[in-house]
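Here's the letter readout for the chains.
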Amino acid sequence: MTTNRSRAERWIAPRHTAYVVLGGLVASLAAPVVWTLVGLATGLVVVVVGVAFLGLLLVLSEGLSRWHRARAEALLGVVVEAPAEPAAAGWRGWLARLGRATTWRQLAYHAFVAPTVLAVSAGLVAFCWGGGLVLASSPLWLRVSPDTALTPVFGVGCVLVAPWLARRLAALDLAIMRPMLGETRGEQLTPRVTALEQTRAGVIDAADAERRRIERDLHDGAQQRLTSLALNLGMARSTLAPDAPPQARRAIEEAHDEAKQALAELRGFVRGLHPAVLDERGLDAALSGIVARSPVPTSLHVLLAQRPPRTLEAVAYFVVSEALTNVAKHSGATSATVRVTSDARRLVVEVTDNGHGGATAGTGSGLTGLTNRVAAVDGSLAVTSPAGGPTVLRAELPCGS
C-alpha cells in the first residue's frame, strides 16, 4: 500500500494537484469578498459602519490565513507557523492587529497574490489534467483525421507535464505563503531576543546585588574585626613598658603595621566591589571619593538630568575607578578630568588625561575589562589616545526610553 501510494505521489502528484487547485478555487471565490470589504472599509472608515466592515475584513483575513496554512499542512505536510497573537484582548487586541505588519501582509496575500498566482496556477494545473485527459482520449469519441492526429499526443504531453507543474507551482505558493501568512525570521527572533535581554538584565542585577551583599558582609564583618585588631595592637604598642623585650616590641610593631596595611587594602577592595556611598548618596558623591584618592590631580564634573539606574551607576563607577587607576599606573599624566553627563537616553562617562598616550581599547587587561563591563549593559567604549596624548576614554551607557 505504501509503495503504491509513493508511486502515485511520484507520477501523478495528487496532493500537489489538490493543493494548487483548492487554493486557486478558494482564492478566486474569496477575492471578490475581500475587495468588497476593502472598498467598504476604506470608503466608510470615518463612520461606525466603516469600522465594522474593517473588523469583518480582519476576521475574514484571519480565517483565510488559517485555512491556507491548514491546506499546506494537510496536503503537503508543511507547517507554516502562525504569527503570535497580540497580548491585549478585546478591542485593544484588534487595534494591535492593525498596527502589525503581519496583518497587512496577510491581507495583501488574499487581495493580490491569491487571486493572481493561485488562480492562474489552479487554471494551468486543471487545464493540464482535465484538458490533457480529454485530448488524450479523443480517439475514443472523435474520428481521427490528419488534422487531428496530433491531438492525442498533445493531450498525453499535458498529462505528463501536469504532476511536474503542480509540484513547481505548489513550491512557488509555499515560498510566497511562508513570509506573508507566517512570521519572518526577524519576527520569530524578536521574542527570543527580548527574553534574552530580560534574562541578561536579571543576571546583571543579581550580580550587582551579590556585590552589594559581599560589600556589606566585609564592611560589617571582616573589616570591623580587622579595625578592632589594629586598634588593640596600637594600644598594646603604645602601652609597652620601656623595659619590654626588643623582640616582643618588634613583633607588636610589625603586627600593628601589617594590620593597618591589611585594613587599607580591604577598604580599597570593598570600595572596588560596590561602595556603600553609591547607594546612599549617588554617583556624584561616590566619584568624589575616587577623585580625592587618585594620586594624579583630577577634576570632577557631574551633571545628571536624573539619577541613573543602580546598575548603570555601578558600571559608571567601575569605569571611572579603573580608568583613573590606569592613568596613575601607565599614562605618566600630571592631571586628569572626569566628566559625567546624562539625558533621557544615555549616561556618558568621559575620562581625559594629559599623559603620553598610546592606549587602545584592545590591549591591556584593564581596558579589556572596561570594554566587557560596558558591553554587558549594551553600552559602548571608545578610546582616543594618539602618541603624545592626550588620552580620552568615553563610555556611553543606554538609559532606555
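Reading the values: the criteria
Residues numbered from 1 in each chain as written. Predicted model: local features only at pLDDT ≥ 70, side-chain atom pairs only at ≥ 80, totals over all residues. Heavy atoms only, no water. Pairing = 2+ DSSP bridges. Helix = DSSP H or I, 4+ residues; strand = E, 2+ residues; numbered from the N terminus. Axes fitted to C-alpha atoms, helices over the stretch in contact; angles between N-to-C directions. Contact = heavy atoms within 4.5 Å. Phe/Tyr/Trp six-rings, centres within 6.5 Å; stacked < 30°, edge-to-face > 60°. Lys NZ or Arg CZ within 6 Å of the ring centre and 35° of its normal. Core = buried A, V, L, I, M, F, W, Y, C linked by side-chain atoms within 4.5 Å. Buried < 20%, exposed > 50% of the residue type's maximum accessible area, 1.4 Å probe, protein only.

**Q** Mind showing me how you'd approach the sheet that holds strand β4 (residues 380-384) here?
**A** Note: strands within a sheet are paired through backbone hydrogen bonds, in either parallel or antiparallel orientation. Spatial strand order, β1-β2-β3-β5-β4: 5 strands in an open sheet with mixed pairing. Where the open sheet ends on each side, the last strands, each with one partner, are β1 (298-303) and β4. Averaged over all pairs of adjacent strands, the angle between their axes in this sheet comes to 10°, without regard to strand direction. Packing of helix α11 (residues 283-293) onto the sheet brings it into contact with β1 and β2 (336-342), and relative to β1 it is tilted by some 175°. Docked against the sheet, helix α12 (residues 310-331) engages β1, β2, β3 (346-353) and β5 (391-398), running at close to 10° with respect to β3.

**Q** Looking at this model, I keep getting lost on the packing of aromatic side chains. Mind explaining?
**A** Given two aromatic rings, their pairing is described by the distance between the two centres and the angle made by the two planes. By the definition in use, this model includes 0 aromatic pairs. One cation-aromatic arrangement involves R71 over Y19; the distance from NZ or CZ to the ring centre is 4.0 Å. Positioned above the aromatic ring of F318 is the side chain of R373, whose terminal nitrogen or guanidinium carbon lies 4.6 Å from the ring centre.

**Q** Just checking my understanding: could you explain the environment of K260 for this structure?
**A** Along the chain, K260 turns up in helix α9 (residues 246-273). Once the C-alpha coordinates of K260 and T227 are considered, the two residues, 33 residues apart in sequence, prove to be 7.9 Å apart.

**Q** Could you clarify how one ought to interpret the nonpolar core in this entry?
**A** Nonpolar side chains in soluble globular proteins tend to be buried together. With 32 residues, the main nonpolar core has V319, L324, V349 and L397 as its most contacted residues. Counting residues per element, the ones that place at least two in this core are α11, α12, β2, β3, α13 (365-375) and β5. At 10 residues, α12 tops the list of elements feeding residues into this core. Apart from the residues lying within four places of it in its own chain, the contact partners of L397 are L312, V315, A316, R345, R346, L347, V374, V377 and G379. Of all hydrophobic cores here, the second largest spans 24 residues; its members include Y19, A114, W129 and V159.

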